[in-house]
Amino acid sequence: MRVVSWNIHWGCGKDGRIRIHAIIDVLRRLNPDVVCLQEVAANHSELDGGATANQFKQLGGAFGGYHMMEHAPSELYKNNSPRLFGNLILSKYRISQVHRHLLPWPADPGNPAGMPRGLMETVIDAPSGKLRLMTTHLEYYSPLQRMAQVRRIRELHMEASSRARIFQPDPNLDAPYQLGFRPASAILCGDFNFAPDAEDYAALLAPMEGGAPVFQDAWRVAHGTVARAPTTGLHGYPWPERPECYDYFFVTEDLAPRVATVDVQSETAASDHQPIVLDLN
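What counts and what doesn't
- Residues numbered from 1 in each chain as written.
- Predicted model: local features only at pLDDT ≥ 70, side-chain atom pairs only at ≥ 80, totals over all residues.
- Heavy atoms only, no water.
- UniProt positions renumbered as here; feature names shortened; annotations may be inferred.
- Helix = DSSP H or I, 4+ residues; strand = E, 2+ residues; numbered from the N terminus.
- Pairing = 2+ DSSP bridges.
- Axes fitted to C-alpha atoms, helices over the stretch in contact; angles between N-to-C directions.
- Contact = heavy atoms within 4.5 Å.
- 1 Å grid on protein atoms, 1.4 Å probe; cavity = no way out; pocket = protein on both sides within 12 Å on 5 of 7 lines; lining within 4 Å.
- Points joined across faces, edges and corners; volume = space filled by probe spheres on them.
- Nonpolar A, V, L, I, M, F, W, Y, C, P; charged D, E, K, R; others polar.
- Core = buried A, V, L, I, M, F, W, Y, C linked by side-chain atoms within 4.5 Å.
- Buried < 20%, exposed > 50% of the residue type's maximum accessible area, 1.4 Å probe, protein only.
- Arc of directions from axis to C-beta.
- Polar contact = N/O pair within 3.5 Å; in protein donor to acceptor, adjacent residues only side chain to side chain.

## A word on the UniProt feature "domain: Endonuclease/exonuclease/phosphatase" (unreviewed entry) in the protein chain
As recorded in UniProt, the sites labelled "domain: Endonuclease/exonuclease/phosphatase" (unreviewed entry) are residues 4–273. The span residues 4–273 is 20% helical and 33% strand by assignment, and the distance between its end C-alpha atoms comes to 13 Å.

Laid out in structure tokens, this is it:
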């Protein structure tokens with residue numbers, strides 16, 4: 001099973017031009033089973049390059065054999081037309097559930113701006129069985145908000161894990177109660193906007209309450225102490241100041257033995273982030 005996670009920067013290259021076809025070309029070459037994208041836009045003409053198209057529909061149409069789920073926690077309106085900004089999941093495998101979670105956005109006097117952030121959680125019928133696949137894009141400017149978002153993701157994971165231990169599908173229940181099994185086994189990926197030595201990173205990987213399986217950094221599982229490949233700061237983009245890693249795959253401890261490899265695809269300049277690829281046995 002191959003999963004790709006990528007903050008596509010609404011397809012805007014360093015020259016300020018939008019080339020969604022370049023994003024699509026890279027994804028097709030990587031040939032993933034599941035795609036998790038962040039910073040997908042629709043009707044956002046004020047963004048660099050003029051992101052007027054509905055990129056959710058463009059990307060979904062380009063991968064017609066995939067199931068598509070979208071979550072735009074930033075949804076604004078101009079002339080009764082929605083301007084969307086958020087996350088997209090494409091999956092070759094059946095998606096049996098989707099849960100769209102808004103993450104905390106506490107007031108921060110030191111950083112009064114920002115935008116709503118979310119976590120999209122799906123249950124995928126993978127070849128090895130059901131698992132939860134989650135993608136997110138955390139706050140960049142406010143450490144206070146980002147830590148609150150990390151804590152909420154942990155709460156949601158512990159909630160799902162607790163339910164997994166006690167829930168059994170019952171065909172006698174009314175249809176809305178038959179969502180089905182929501183497993184504790186999970187993959188969490190996206191743009192977390194923290195470095196590997198950050199407090200937020202350590203908080204995400206800390207022991208869980210109630211016996212929930214802890215998250216492990218899939219890069220460390222696959223590569224040990226090998227220096228981490230940067231996911232930003234390449235190809236002459238003005239941000240950030242130096243190459244850094246902000247994009248990750250985290251897997252629950254039960255999935256760690258199945259991690260075959262995690263790689264950063266450093267060649268493309270289609271976004272200010274690089275795609276990262278997780279292969280599971």
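## A short note on the sheet that holds strand β10 (residues 215–217)
Ordered by their spatial adjacency, 6 strands build an open sheet running β6-β7-β8-β9-β11-β10, and the pairing between neighbours is mixed. The open sheet has two free edges, formed respectively by β6 (95–102) and β10, since each of these has just one partner strand. Strand-to-strand twist in this sheet, taken as the mean axis angle between neighbours without regard to direction, amounts to 20 degrees. Note: strand β7 (residues 118–126) against strand β8 (residues 129–137), 8 bridges, orientation antiparallel. Counted as the bridge partner of Asp-125 is Lys-130 from β8.

## A short note on the environment of Ala-42
Mapping Ala-42 onto the fold places it in strand β2 (residues 34–44). Taking the C-alpha atoms as reference points, Ala-42 and Ile-24, separated by 18 residues in sequence, lie 16 Å from one another. Each residue touching Ala-42, except ones within four places of it in the same chain, is listed here: Ala-51, Ala-53, Asn-54, Gln-55, Phe-56, Pro-82, Arg-83 and Leu-84.

## Focus: the layout of surface pockets
One number sums up the size of the largest pocket: a volume of about 610 Å³. If you trace the largest pocket, you find 28 residues lining it, with His-9, Trp-10, Glu-39, Tyr-141 and Asp-272 closest to the centre. Among the secondary structure elements, those contributing two or more residues to the lining of the largest pocket are β2 and β4 (67–78). For the lining of the largest pocket, the residue count by class is 11 nonpolar, 10 polar and 7 charged. Empty space within the second largest pocket amounts to approximately 160 Å³. In terms of lining residues, the second largest pocket is bounded by Gln-97, His-99, Arg-163, Ala-164, Phe-167, Pro-176, Tyr-177, Leu-179, Gly-180 and Arg-182. Looking at the lining of the second largest pocket, the elements with two or more residues in it are β6 and α3 (143–166). Tallied by class, residues from the lining of the second largest pocket come to 5 nonpolar, 3 polar and 2 charged.

## Focus: the nonpolar core
Counting residues in each nonpolar core, the largest one holds 27 residues, and the members touching the most others are Met-1, Val-34, Leu-133, Ile-187, Phe-249, Val-251 and Leu-278. For this core, the elements supplying multiple residues, two or more each, are β2, β7, β8, β9 (186–191), α5 (218–223), β11 (247–252), β12 (259–264) and β13 (276–280). Excluding its chain neighbours within four sequence positions, the residues that come into contact with Leu-278 are Met-1, Arg-2, Val-3, Ile-187, Ala-218, Phe-249, Val-251, Val-259, Thr-261 and Val-262.

## Some details on the pairing of β11
Where burial is concerned, most of β11 is hidden: 6 out of the 6 residues are buried. Note that β9 and β11 share 5 bridges and pair antiparallel. Bridge assignment links Gly-190 to a residue of β11, and that residue is Tyr-248. The pairing of β10 with β11 spans 3 bridges and is antiparallel. By the bridge assignment, Asp-217 is partnered in β11 with Phe-250.

## Some words on helix α2 (residues 55–62)
Restricting attention to buried positions, one finds in α2 the residues Gln-55, Phe-56, Leu-59, Gly-60 and Ala-62. Summarising the axial view, the buried residues of α2 lie within an arc of 165 degrees, below the 170-degree limit, and thus occupy one face. Those residues of α2 that are exposed and angled more than 90 degrees off the buried face are Lys-57 and Gly-61. Against α1 (20–30), β2, β3 (51–54), β4 and β5 (81–91) lie the buried residues of α2. Capping the start of α2, Asn-54 holds a side-chain oxygen 3.0 Å from the backbone nitrogen of Phe-56, two or three residues further along.

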